[in-house]
Amino acid sequence: IKNDGMETNCMVTKNKRETKGGFVMKIIMLGAPGSGKGTTAKVLAERTNLPHISTGDMFREQIKKGTELGKLANSYISQGNLVPDEVTINIVKDRLGWEDAENGVILDGFPRTIKQAEALALILQEKGKQVDIVPELVVPDQVIIDRILNRATCSNKECGAIYNTKFKPSKVPGVCDKCGSALVTRTDDNEEAIKTRLEVYRENSKDLIAYYKEKGVLVTITPENPNAENSTEQVINTILEAIKR
Ligand code: ADP
Ligand code: ZN
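Residues numbered from 1 in each chain as written. Chains lettered and ligands numbered in written order. Predicted model: local features only at pLDDT ≥ 70, side-chain atom pairs only at ≥ 80, totals over all residues. Heavy atoms only, no water.

Chemist: Please explain the coordination of the zinc ion (ligand 2) as it appears in this structure.
Modeler: Reference values for coordination geometry: four tetrahedral donors around a metal ideally subtend 109.5 degrees, six octahedral donors ideally subtend 90 or 180 degrees. The zinc ion (ligand 2) binds to the protein through Cys154 (SG), Cys159 (SG), Cys176 (SG) and Cys179 (SG), with metal-donor distances spanning 2.3 to 2.4 Å. Viewed at the metal, the 4 donor atoms of the zinc ion (ligand 2) are separated by angles of 97 to 114°, and the geometry they form is tetrahedral. All donors to the zinc ion (ligand 2) come from one chain, and their sequence spacing reads C-x4-C-x16-C-x2-C. Here Cys159 is found in the loop between strand S7 (151–154) and strand S8 (162–164), whereas its partner Cys179 is found in the loop between S8 and strand S9 (183–184), with 20 residues between them in sequence. (Donors = N, O, S within 2.8 Å, 3.2 Å for Na, K, Ca; no water. Tetrahedral: all angles 85-135°; square planar, octahedral: opposite > 155°, others 65-115°. Helix = DSSP H or I, 4+ residues; strand = E, 2+ residues; numbered from the N terminus.)

The structure is reproduced here in structure tokens:
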């Protein structure tokens, strides 16, 4: 596991503030679709007791409910394109106002553009806060495509467990090990949409990575063997160590 972008500063510890519930910590997970950022964010949320805020999950929830926002979002998501900044920024702004976000948050899938990153900086600034750490997961394209094409997600929103029908199958095919709900395939997990999603990520992530590197909060993580069973665990440990510094 490589780790750069952190050597020359101590921004992470500098901005830590103790509160009743623990530390104020705003973490942003960066990584291509299928890089494992969602899985990592979920585990990290459990360990740190911070809420996991995934814009993708929020949009999928709206789509499932059939709301106007869901319909709008779906027209972009199904094609592998980004939902417009204005719409996305608004839902995140609202979510960051919830009480459970006071001690920090783990953002997954947001920001995805510089405009979103700047909006986030402003939202946090109004609360006297800023982004503390930005772990970036780097995983080869072939691993990503293989993963996404074999991805199955638990349909129970409270659970959301993620499986890989090839590398990490559920015990009973199509059924979640943890909660017994049906496993589903995301509609944007098809070859066409994946190609677009990877392109969109590559295009936008360059600027985002430069933006957070410049702020001294980027931690680049390249898992040695991304498909190993303990890979998520290793990534989590690297992040937790970086937080302590
Ligand atoms: P993945 O990283 O695997 O693509 P996500 O669940 O993070 O999965 O996002 C799924 C889709 O939701 C994206 O392809 C995009 O269309 C939309 N989306 C999620 N987050 C954002 C965001 N911050 N800005 C714009 N669109 C977003
Ligand atoms: Zn489940």
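Chemist: Is there a simple way to explain the sheet that holds S7 in this structure?
Modeler: Sheets are built from strands paired through backbone hydrogen bonds, the pairs being either parallel or antiparallel. With antiparallel pairing, the 3 strands of this open sheet are ordered in space as S8-S7-S9. Bordering the open sheet on either side are S8 and S9, each of which pairs with just one other strand. Looking at chain direction, S7 and S8 are connected through 3 bridges and run antiparallel. If you follow Arg151 over to S8, its bridge partner there is Asn164. (Pairing = 2+ DSSP bridges.)

Chemist: How should the pattern of salt bridges be read in this particular structure?
Modeler: Side chains bearing opposite charge may pair, as long as their charged atoms lie close to each other. Summed over the entire model, instances satisfying the criterion amount to 15 salt bridges. Across the pair Arg151 and Asp189 runs a salt bridge whose closest N-O atoms are separated by 3.0 Å. A residue pair is termed long-range when its members are at least 10 positions apart, and Arg151 in strand S7 and Asp189 in the loop between S9 and helix H8 (191–214) qualify at 38 residues. In this structure, Arg151 and Asp189 share a single accessibility class: buried. Salt bridges here are not isolated pairs; linked through shared partners, they connect Arg151, Arg186, Asp188, Asp189 and Arg197. (Salt bridge = Lys/Arg side-chain N within 4 Å of Asp/Glu carboxyl O. Buried < 20%, exposed > 50% of the residue type's maximum accessible area, 1.4 Å probe, protein only.)

Chemist: Mind showing me how you'd approach the pairing of strand S6 (residues 134–137) here?
Modeler: For a regular strand, side-chain orientation follows a simple rule: the groups alternate between the two sheet faces. Residue alternation in S6 divides its side chains into two sets, Val134 and Glu136 and Pro135 and Leu137, and both sets are buried. For strand S3 (residues 25–31) and S6, the ladder comprises 2 bridges, and the chain directions are parallel. Bridging across to S6, Leu30 finds its partner in Glu136. Across 4 bridges, the pairing between S6 and strand S10 (residues 218–221) is parallel. Looking at S10, one finds that Leu137 is bridged to Ile221.

Chemist: For this particular structure, what's the right way to read the packing of aromatic side chains?
Modeler: Here the distance between the centres and the angle between the planes together describe a pair of aromatic rings. Inspection of every chain in the model, using the stated rule, returns 1 aromatic pair. When the centroid spacing of 4.9 Å and the interplanar angle of 90° are considered together, the rings of Tyr211 and Tyr212 count as edge-to-face. For the pair Tyr211 and Tyr212, a shared accessibility class is recorded, and that class is buried. For the cation-ring pair, Lys168 lies above Tyr163, with the distance from its terminal atom to the ring centre recorded as 5.6 Å. (Phe/Tyr/Trp six-rings, centres within 6.5 Å; stacked < 30°, edge-to-face > 60°. Lys NZ or Arg CZ within 6 Å of the ring centre and 35° of its normal.)

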